[in-house]
Amino acid sequence: MLIPANLRRLVSFEDEIKRRRTFAIISHPDAGKTTLTEKLLLYGGAVHLAGSVTARKHQRASTSDWMELERKRGISISSTVLQFEYEGFAINLLDTPGHKDFSEDTYRVLTAVDGVVMVIDAAKGIEAQTRKLFEICRRRGIPIFTFMNKCDRPTRDPLELLDELERVLGIGSFPINWPIGTGVDFKGVYDRLEKEVHLFERTSGGLYHAPEAVGDLDAPIIKDQLNEEMHGQLKESIEMLNLAGESFDVDSVYQGAMTPVFFGSAMNNFGVELLLKGFLKFSPPPAPRQSGEQLIGTDHEAFSAFVFKIQANMDPRHRDRIAFARICSGKFQRDMTVIHPRSGKKVRLASSHKLFGNERETVNDAYPGDIVGLVGLSDYGIGDTLTTDPSIRYREIPIFTPECFAYLHNPNTAKFKQFRQGLDQLLQEGVIQVLQVRDALTRVPLLAAVGQLQFEVVQYRLETEYGAKSRIENAPWTVIRWLPKEIQESELDALQLPTGTRIAYDGHQHAVALFDSEWASSYFSETNGNLPLSSLPPASMEILTRHVD
């Protein structure tokens, strides 16, 4: 029977959506997040030689850390999109910074994903930044998969690690596989669902696929490689896990009530492919998105997407800026015309790219779940919606409270144009804010950021990308609070300010108060008739709490 052409197109569109997987990797610094990213690319066929973050003399640098400062510091500073195909799946993998000073970038990336791989150092367990990122995922209802990393080093007891997941994070866990040995004796894992043993061999520097032997528990190829004691311990552990009676429930994973747990070593490629296959098998395809009171399904007839990240100068040859957009519904086609609801303008999406770190190639078609890089339109802002239906408008991107403040001076007036242009473009990326202190004698920009290292990045990028040196002067404030939106200038004049407190304006001209301590903030409110203060702009509070049950 012939299938009508319009129905064939519909089936193809639905299949394209189902095979999309868009996820981020989160962790505390040094848990092995970027190394795992490299190894997933290796097993996904996207790279032929894996490089660790701190590349040795003859190894290449990691694909995801494209910024020169990242290579020098050995940390991820900017979130990176990496797209590749694997066993019929179209994968959008987002590597995120682990350091707390860059957490705002990570939080924004989490608005664009449908799943998360949480990397935990099996020797240290759950650490502070992991806990914070987990809570963001919980609020947004993002399914979480856990990878217990560094099993090739001395680790805590696996049962203790599983107990910590439930006790500290309040989430049930199901070990998909179980480690065989630990430290130098780590041999591989037992796949509980397939009832297979996977024993691995180390490769030089972990650059290549780890050779493995696969068989059931009593297969000769397995018994030959495990001594009698290790084989007995493995059997005992499996029996104990089976007696616990827990069953794997995909629905619980989707609801965020259960996390599948995988054990392995990213550095040595032990268990990496099992993690990749398990994630793709059990993670959800792209989900509907909320636009006001309307739930926009992935199969909605209108195209829609939102911008969750802007990055300038990813390609040093062109010095352009690229907007990362998550497609939520409809089909993207290059050169299509969409509406930019914030400005009401029509925009032609002519320069669209598929991303791989800082490398890019032109993309003509994309589907819900895909991340597309859009170049050449300076009107884009973080959180903006792009759509063919003007009634659709996503409000996904939260703003987080700055905790660090510093004045940014331009010591070379001859470079003012470069200084101003560079600062304006970096501001559009949304990782720092600029405040204007009320009644200030000079108009020196006051930078506000979640972490102190953001200022170092701004200085570095101003000099290397725009040729403008700068000088940072730390400001005395540590607390910022937003004043009521309707407050008048005359009311600001009448306020009683504690010593050291100043009034300033944010980028939207909303009045804020800057304090040197939480105590000063409370005292200010009390002495001004219990004036209500907010730690975030009202719109951002609304976004943050929307996903909380």
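Each remark here, short or long, concerns the structure printed above.
Numbering of residues starts from 1 in each chain and follows the order in which that chain's sequence is written. Residue-level local features of this predicted model are given only where pLDDT is at least 70; pairs of side-chain atoms are given and counted only at 80 or more, and the full residue set underlies all totals for whole chains, interfaces and linings. The side-chain values count all of the structure's non-hydrogen atoms but skip hydrogen atoms and water molecules.

### Re the pairing of strand β24 (residues 404-409)
Next, step 1: When a residue's accessible area, from a 1.4 Å probe over protein chains only, is under 20% of the maximum for its type it is buried; when over 50% it is exposed; and in between it is partly exposed. Going along the chain from the N terminus, every DSSP run of H or I of four or more residues is numbered as a helix, and every run of E of two or more is numbered as a strand. Buried residues dominate β24, accounting for six of its six residues.
Next, step 2: In β24, alternate side chains face the same way, and those of Cys404, Ala406 and Leu408 on one face and Phe405, Tyr407 and His409 on the other are all buried.
Next, step 3: Note on pairing: two strands pair once DSSP finds at least 2 bridges between them. The pairing of β24 with strand β26 (residues 446-449) spans four bridges and is classified as antiparallel. Bridged to tyrosine 407 within β26 is leucine 446.
Next, step 4: Two strands pair when backbone bridges link them, and β24 and strand β27 (residues 471-474) are joined in this way by four bridges, in the antiparallel orientation. The partner of leucine 408 across the bridge, within β27, is isoleucine 472.

### Description of the packing of helix α2 (residues 33-43) against helix α10 (residues 272-282)
Next, step 1: α10 packs onto α2 with a crossing angle of 80 degrees between their chain directions and a minimal axis gap of 9 Å. The orientation of α2 relative to α10 falls into the category roughly perpendicular. Contacts between α2 and α10 involve Leu36, Lys39, Leu40 and Tyr43 on the former and, on the latter, Val272, Glu273, Leu275 and Leu276.
Next, step 2: In this classification, Asp, Glu, Lys and Arg are treated as charged, Ala, Val, Leu, Ile, Met, Phe, Trp, Tyr, Cys and Pro as nonpolar, and every other residue, Gly included, as polar. When the residues that make up the contact of α2 with α10 are grouped by side-chain class, the tally is six nonpolar, no polar and two charged. Every axis in this analysis is a line fitted to C-alpha atoms, fitted for helices over the stretch in contact. Angles between the N-to-C directions lie between 0 and 180 degrees. To sort the angles, those under 35 degrees are grouped as roughly parallel, those over 145 as roughly antiparallel, those from 65 to 115 as roughly perpendicular, and the leftovers as oblique. We call two residues in contact when some of their heavy atoms are within 4.5 Å.

### Focus on the sheet that holds strand β30 (residues 511-515)
Next, step 1: With antiparallel pairing, the seven strands of this open sheet are ordered in space as β27-β24-β26-β25-β29-β30-β28. Of all strands in the sheet, those bounded by a partner on one side alone are β27 and β28 (479-482). Sheet twist, expressed as the average angle between the axes of neighbouring strands with direction ignored, equals 40 degrees.
Next, step 2: Pairing analysis gives two bridges linking strand β25 (residues 433-437) to strand β29 (residues 502-505), with the strands arranged antiparallel. Counted as the bridge partner of glutamine 436 is tyrosine 505 from β29.
Next, step 3: Against the sheet, helix α14 (residues 518-527) touches β28 and β30, its axis set at about 30 degrees to β28.

### Description of the environment of proline 445
Next, step 1: Take proline 445: it is sitting in the loop between β25 and β26.
Next, step 2: A residue is classified by how much of its surface remains accessible, and proline 445, at 9% relative accessible area, is buried.
Next, step 3: For the pair proline 445 and leucine 423, spaced 22 residues apart in sequence, the C-alpha separation works out to 9.5 Å.
Next, step 4: Ignoring any residue separated from it by four or fewer positions in sequence, one finds proline 445 in contact with Ala406, Tyr407, Leu408, Arg420, Leu423 and Val434.

### Quick word on the nonpolar core
Next, step 1: Each nonpolar core is a collection of buried residues, namely Ala, Val, Leu, Ile, Met, Phe, Trp, Tyr and Cys, held together in the definition by side-chain atoms within 4.5 Å. In terms of nonpolar packing, the biggest core is built from 81 residues, with Leu36, Leu93, Leu110, Val117, Leu165 and Phe308 touching the most fellow members.
Next, step 2: Ranked by the residues each element gives to this core, the list is headed by α10, at seven residues.
Next, step 3: Not counting chain neighbours up to four residues away, the residues in contact with valine 117 comprise Phe23, Ala24, Ile25, Ile26, Leu36, Phe145, Phe147, Leu275 and Phe279.
Next, step 4: Grouped together as the second largest cluster of nonpolar side chains are 18 residues, Ala325, Phe332, Met336 and Leu374 included.

### Description of unusual backbone geometry
Next, step 1: The phi angle at lysine 150 is positive, at roughly 65 degrees, despite the residue not being glycine.
Next, step 2: Structurally, lysine 150 can be placed in the loop between β5 (144-149) and α6 (158-169).
Next, step 3: A residue is classified by how much of its surface remains accessible, and lysine 150, at 14% relative accessible area, is buried.
Next, step 4: Even without being glycine, glutamine 509 reaches a positive phi, approximately 65 degrees.
Next, step 5: Looking at the secondary structure, you find glutamine 509 in the loop between β29 and β30.
Next, step 6: With relative accessibility at 58%, the residue glutamine 509 sits in the exposed group.

### Here's the deal with the pattern of salt bridges
Next, step 1: Salt bridge, as used here: a side-chain nitrogen of Lys or Arg that lies within 4 Å of a carboxyl oxygen of Asp or Glu. Counting across every chain of the model gives 23 salt bridges.
Next, step 2: Where aspartate 439 meets arginine 438, a salt bridge forms, and the shortest distance between an N and an O atom there is 3.9 Å.
Next, step 3: When its relative accessible area of 12% is taken as the criterion, arginine 438 is described as buried.
Next, step 4: The network of salt bridges with shared partners includes Glu16, Arg19, Arg20, Glu85 and Asp370.

### Thoughts on the pairing of β25
For a regular strand, the rule is simple: side chains alternate between the two faces of the sheet.
Next, step 1: Side chains of β25 alternate between two faces, with Gln433, Leu435 and Val437 buried and Val434 and Gln436 left unburied.
Next, step 2: Looking at chain direction, β25 and β26 are connected through three bridges and run antiparallel. Each residue of the ladder has a partner; that of leucine 435, found in β26, is leucine 446.

### What about the environment of histidine 209?
Next, step 1: Mapped onto the secondary structure, histidine 209 falls in the loop between β9 (196-200) and β10 (212-215).
Next, step 2: For histidine 209, a relative accessible area of 41% gives the class partly exposed.

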